[in-house]
Amino acid sequence: MPTAETAAALLAELQARQPLVQCLTNAVVTNFTANVLLAVGASAAMTDLPLEAGPFAAIASGVLVNLGTPHTAQRDAMREAVAAAKAAGTPWVLDPVAIGTLPVRTALAAELLLQRPTVIRGNPSEIIALAGVGVGGRGVDSVDSAEDALAAGRLLAVEFGSVVAISGPIDIVTDGVTDVRVHTGTPLLTRVTGGGCALGAVMAAFAALSDDRLASTVAATVVYTIAAEQAAADAAGPGSFAVAFLDRLANLTAETVLTLAVIR
Amino acid sequence: MPTAETAAALLAELQARQPLVQCLTNAVVTNFTANVLLAVGASAAMTDLPLEAGPFAAIASGVLVNLGTPHTAQRDAMREAVAAAKAAGTPWVLDPVAIGTLPVRTALAAELLLQRPTVIRGNPSEIIALAGVGVGGRGVDSVDSAEDALAAGRLLAVEFGSVVAISGPIDIVTDGVTDVRVHTGTPLLTRVTGGGCALGAVMAAFAALSDDRLASTVAATVVYTIAAEQAAADAAGPGSFAVAFLDRLANLTAETVLTLAVIR
Amino acid sequence: MPTAETAAALLAELQARQPLVQCLTNAVVTNFTANVLLAVGASAAMTDLPLEAGPFAAIASGVLVNLGTPHTAQRDAMREAVAAAKAAGTPWVLDPVAIGTLPVRTALAAELLLQRPTVIRGNPSEIIALAGVGVGGRGVDSVDSAEDALAAGRLLAVEFGSVVAISGPIDIVTDGVTDVRVHTGTPLLTRVTGGGCALGAVMAAFAALSDDRLASTVAATVVYTIAAEQAAADAAGPGSFAVAFLDRLANLTAETVLTLAVIR
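Nothing here was measured: the structure is a model prediction, and the numbers come from that model.

What counts as what
- Residues numbered from 1 in each chain as written.
- Chains lettered and ligands numbered in written order.
- Predicted model: local features only at pLDDT ≥ 70, side-chain atom pairs only at ≥ 80, totals over all residues.
- Heavy atoms only, no water.
- Helix = DSSP H or I, 4+ residues; strand = E, 2+ residues; numbered from the N terminus.
- Rg over C-alpha atoms; globule rule 2.2 N^0.38 Å.
- Buried < 20%, exposed > 50% of the residue type's maximum accessible area, 1.4 Å probe, protein only.
- Contact = heavy atoms within 4.5 Å.
- Least-squares fit on C-alpha atoms with pLDDT ≥ 70 in both.
- UniProt positions renumbered as here; feature names shortened; annotations may be inferred.
- Buried area = accessible area lost by both parts, 1.4 Å probe.
- Salt bridge = Lys/Arg side-chain N within 4 Å of Asp/Glu carboxyl O.
- Polar contact = N/O pair within 3.5 Å; in protein donor to acceptor, adjacent residues only side chain to side chain.
- Nonpolar A, V, L, I, M, F, W, Y, C, P; charged D, E, K, R; others polar.
- Axes fitted to C-alpha atoms, helices over the stretch in contact; angles between N-to-C directions.
- Parallel < 35°, antiparallel > 145°, perpendicular 65-115°, else oblique.
- Left-handed = near helix turned anticlockwise from the far one by under 90°.
- Pairing = 2+ DSSP bridges.
- Phe/Tyr/Trp six-rings, centres within 6.5 Å; stacked < 30°, edge-to-face > 60°.

Enquirer: Teacher, can you tell me more about the overall build of chain A here?
Expert: Summing up its helical and strand segments, chain A has 11 helices and eight strands in all. Radius of gyration (C-alpha) of chain A: 17 Å, near the 18 Å computed for a compact globule of 264 residues. For the C-alpha atoms alone, the extent of chain A along its principal axes is close to 40 × 40 × 35 Å. Burial statistics for chain A: of 264 residues in total, 63% are counted as buried. Taking contacts inside chain A between residues at least 6 apart in sequence as the whole, the part at least 24 apart equals 72%.

As structure tokens, this is what we get:
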């Protein structure tokens, strides 16, 4: 079972090693995602061109594939990057944004799922929809908490060998056997676009640090939500929250993680 | 004639109903536009892929079509979204960014105009250029105030059944018969990229709430410019203005709108 | 040799003339780049469509070509814009982001270099890689300071008639004969995505003001790094730094430039 100690140690290691994360992500959140990676202490590159995405994934420390705005060329680049990441043993994170009824991204998610993502990250509806696509589960119309999607998450984890992270007021990370709940966070993360998407990039950064991807994914979630909780205390609204969040991420120490983490 | 009472009531309704706004907008302002929508209390989705934009428009509460960087695939997605919005009775806003001499967007604006936008939003030069494209009006080289474009705006409103919003130090909204002037605002909105573009998205959110699109477009303008005026009072420059603007939008209440609105 | 007096005078002229800068830049930094241009007092347009980029470059005051995410259509637009800029005598800046091993952008950089950029801006690795592509120089694996790339920068300047700006803790600007070192700045510029990219846009704005492109490029660097140094003093981290940087740019005066510039 991952602990606050593991999360704190992994943050210290990230700050020392500065893993390079390649992001193939949606047009809305590229800037915020890059700034989150830089703030937490990683390096960021948004290389998502065909013919370049593959070679870059071979040298990156981790790769994020986010399906928020998957235009034609970016889809080709995603296929390249995933193939190269797998060949190189590079961990990669799949974020199946808004899949379910939208046809282009849903088909792409189904295809990429077969490549066995290191980590899958989504909100409860997305995890349920992905399980429906991948293992014949059934979707529901609306879900409120990560608990509602836990069965679907466990199915995905077992079937594809992935660690699955489900966001919500309490985040859950599961490898299909062990479920870890992270209790830190703030609703303001849902009032800033990219609040979830950027977490996927941070999970790719932490996955570069340890072969224990349950622990690394929990650590990413703990670090991210502690900084967010601290930022919410300083904020007058979503504008000042986003600014304070970057500041808090950049100033977060292993000691603070040890003190504030609430993992169960 | 729309009143402060109407604007205040529509803001309360928006906060309660959280309309889902689909934005097909330019690459420069996607992030800011999504954050403005979230701050004001709406939901945002930037679905602008061919094959997805149409299905999404059928379920969205309102659609924004902004011509700032209309690449080939996005143009196809815009056509899909507009056709689906019309079929579903979903209100849609056209923002003809920088049309006039640039050939790709000017031709696209002419084409989309024939689909009778629910709302047209632009600066004075854009409104005059659009009237030139659509109804044979003549452009002018430079215009300073919304008054200079009012005749063109009225022409567009009458010819295409649209409500037309013209931005300037004093914004004017017209349906071709009634002209409404909104006196709140700040020049700092022109020192932040997307200051006008994001207002188009807010107009799409408000249009989802009422069939009186003159009233809804005035309400969007009033809410937006009051929050901007409040933010300007807090700001040391355009950076802190953009942050405070999101905070002020998120904290704005119907009561404050009632107190601060200046509509004539 | 450019002086603080020249830099101060050019800032005053920029604020008076508000040059229009066309940016063909990467998807990650479009928003920040536009906001930096507006803050410093320029106008910004991100017109990067084929068929529009050329006509726009003919009327722009300066053009930025940044190779950070050069998708197919944008590459065509870049070729158009550069050809039109050259035909019109418009200054243009080449920023060869991350060239070296990535094949698409490296080939494009080699092609555009033959068009003799007015200004070339990059970090030391990029300048060395570009010299390798353009004049048969040899790359090195890692470089820490602008001094390490100065020989490569001078080669490029002489061969292509460009002013070359190399970023680092101390920035160097060279025309191949005179080397100018700018000592202001802050490491926080490297903790915000686009910290270098947006400087390229500001160089395009200043290049519009004077035929002495060594002086204009030095002035852009001085203005940018002074505002950054001021912002760093106010900042609690990279989030508040980026906000304060825009505020400081917008409030910077010629008098302050004269006082704070350190040029050697």
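Enquirer: Is there a simple way to explain the relation of the copies chain B and chain A in this structure?
Expert: Mapping between the two copies of the chain is achieved by a rotation about an axis and a shift along the axis. Its rotation angle being 120°, the transformation that places chain B on chain A also includes 0.0 Å of axial translation and leaves an RMSD of 0.0 Å. Taken together, the turn and the small shift mark the pair as related by a three-fold rotation axis. Residues of chain B ranked by C-alpha distance from the rotation axis are headed by Ala-27 of chain B, positioned 4.1 Å from it. Looking at the interface residues of chain B, only 5% of them are also at the interface in chain A, so each copy uses its own face.

Enquirer: What is the right way to read the UniProt feature "binding site: ATP" (unreviewed entry) in chain A from this model?
Expert: All names here are of chain A. This chain's UniProt record puts "binding site: ATP" (unreviewed entry) on Arg-121 and Ser-167. Across 47 residues of sequence, these annotated residues stay compact in space, with a maximum C-alpha separation of 7.7 Å. Locating Arg-121 in the fold gives a position in strand β5 (residues 119-122). Under the relative-accessibility criterion, Arg-121 is labelled buried at 6%. Sequence-distant contacts of Arg-121, defined by excluding residues within four places in its chain, comprise Val-93, Leu-94, Asp-95, Pro-96, Ile-127, Ala-165, Ser-167, Gly-196, Cys-197, Leu-199, Gly-200 and Met-203.

Enquirer: Help me understand the relation of the copies chain B and chain C, please; the structure alone is not making it clear to me.
Expert: Turning chain B through 120° and shifting it by 0.0 Å along the axis lays it on chain C, with an RMSD of 0.0 Å. When the interface residues of chain B are mapped onto chain C, a mere 5% of them are again interface residues, pointing to distinct binding faces.

Enquirer: What is the right way to look at the interface of chain B and chain C in this model?
Expert: When the parts come together, some accessible area is lost, and that loss is often what is quoted as the size of the interface. Taken together, the contacts link 21 residues of chain B with 21 residues of chain C. A buried area of about 1600 Å², summed over both sides, lies between chain B and chain C, and 60% of it is on carbon and sulfur atoms. Joining chain B to chain C, the criterion identifies one salt bridge. Residue Arg-105 of chain B is joined to Glu-52 of chain C by a salt bridge in which the shortest nitrogen-to-oxygen separation is 2.6 Å.

Enquirer: How should I be thinking about the pattern of salt bridges in this particular structure?
Expert: Pairing of side chains with opposite charge becomes possible as their charged atoms draw close. Taken as a whole, this structure holds 24 salt bridges over all chains when the rule is applied. With a shortest N-O distance of 2.4 Å, Arg-154 of chain A and Asp-179 of chain A are connected by a salt bridge. Highlighted residues: Arg-154 of chain A in helix α7 (residues 150-160) and Asp-179 of chain A in strand β8 (residues 179-182), separated in sequence by 25 residues. Notably, a salt bridge pairs Arg-121 of chain B with Asp-95 of chain B, separated by 3.0 Å at the nearest N-O pair. Remark: Asp-95 of chain B occurs in strand β4 (residues 92-95) and Arg-121 of chain B occurs in strand β5 (residues 119-122); sequence separation between them is 26 residues. In terms of burial, Arg-121 of chain B and Asp-95 of chain B fall into one category: buried. Overlapping salt bridges bring together Asp-76, Arg-79 and Glu-111 of chain A as one network.

Enquirer: In this structure, what is going on with the UniProt feature "binding site: substrate" (unreviewed entry) in chain A? I would like to understand it.
Expert: Look at the UniProt record and you will see "binding site: substrate" (unreviewed entry) annotated at Met-46 and Gly-194 of chain A. The residue Met-46 of chain A is located in the loop between β2 (43-45) and α3 (53-59) in this model. Apart from residues lying up to four places away in sequence, Met-46 of chain A is in contact with Cys-23, Thr-25, Thr-30, Thr-33 and Ala-34 of chain A together with Val-28 and Thr-69 of chain C. Assignment of secondary structure puts Gly-194 of chain A in the loop between β8 and α8 (197-207).

Enquirer: Honestly, the interface of chain B and chain A in this entry has me stumped. Any pointers?
Expert: Contacts between chain B and chain A engage 21 residues on the former and 21 residues on the latter. Between chain B and chain A lies a buried interface of about 1600 Å² when both sides are counted; carbon and sulfur atoms form 60% of it. Applying the counting rule to chain B against chain A returns one salt bridge. If you look at where chain B meets chain A, you find 12 residue pairs in polar contact (both at pLDDT 80 or more). Take the side of chain B that touches chain A: its biggest share by element is six residues, from helix α2 (residues 30-40) of chain B. Of the residues in the side of chain B that touches chain A, the class split is 12 nonpolar, six polar and three charged.

Enquirer: Mind showing me how you'd approach the packing of helix α9 (residues 213-234) of chain C against helix α10 (residues 238-251) of chain C here?
Expert: Packed helices, taken two at a time, are described by the angle their axes make and the gap between the axes. Residues and elements named next belong to chain C. One way to put it is that α9 packs onto α10 with a least axis distance of 8 Å and a crossing angle of 130°. As far as their axial angle goes, α10 and α9 are oblique. Between α9 and α10 lies a crossing whose hand is right-handed. Facing α9, whose interface residues are Val-223, Tyr-224, Ala-227, Ala-228, Gln-230, Ala-231, Ala-232 and Asp-234, α10 presents Phe-241, Ala-244, Phe-245, Arg-248 and Leu-249. In terms of residue class, the contact of α9 with α10 is made up of 10 nonpolar, one polar and two charged.

Enquirer: Please clarify how helix α2 (residues 30-40) of chain C should be interpreted in this entry.
Expert: Because the α-helix completes a turn every 3.6 residues, residues three or four places apart line up on one side. Residues and elements named next belong to chain C. α2 sits mainly inside the fold: 11 of its 11 residues count as buried. Along α2, the residues that are buried comprise Thr-30, Asn-31, Phe-32, Thr-33, Ala-34, Asn-35, Val-36, Leu-37, Leu-38, Ala-39 and Val-40. Downstream of α2 by a residue or two, Gly-41 has a phi angle that is positive, lying close to 115°.

Enquirer: Please explain the sheet that holds strand β3 (residues 62-66) of chain B as it appears in this structure.
Expert: What holds strands together in a sheet is hydrogen bonding between their backbones, with the strands either parallel or antiparallel. Residue and element names in this part refer to chain B. Pairing is mixed in the open sheet, where eight strands are placed in the order β2-β1-β3-β4-β5-β6-β7-β8. Of all the strands in the sheet, the pair left with one neighbour each is β2 (43-45) and β8 (179-182). Strand after strand, the sheet turns through a mean of 20° between neighbouring axes, direction not considered. The pairing of β3 with β4 spans four bridges and is classified as parallel. When the sheet's bridge partners are listed, Val-63 is paired in β4 with Trp-92.

Enquirer: Teacher, can you tell me more about the packing of aromatic side chains here?
Expert: Think of a pair of aromatic rings as described by two things: how far the centres are apart, and how the planes are tilted against each other in angle. Tallying each qualifying case throughout the model produces nine aromatic pairs over all chains. The interplanar angle of 80° and the centroid separation of 4.9 Å between the aromatic rings of Tyr-224 of chain A and Phe-245 of chain A together place this pair among those described as edge-to-face. With a gap of 21 residues between them, Tyr-224 of chain A in helix α9 (residues 213-234) and Phe-245 of chain A in helix α10 (residues 238-251) connect regions that are remote in the sequence. Centroid distance Phe-241 of chain C to Phe-245 of chain C: 5.9 Å. Interplanar angle 15°. Geometry classified as stacked.

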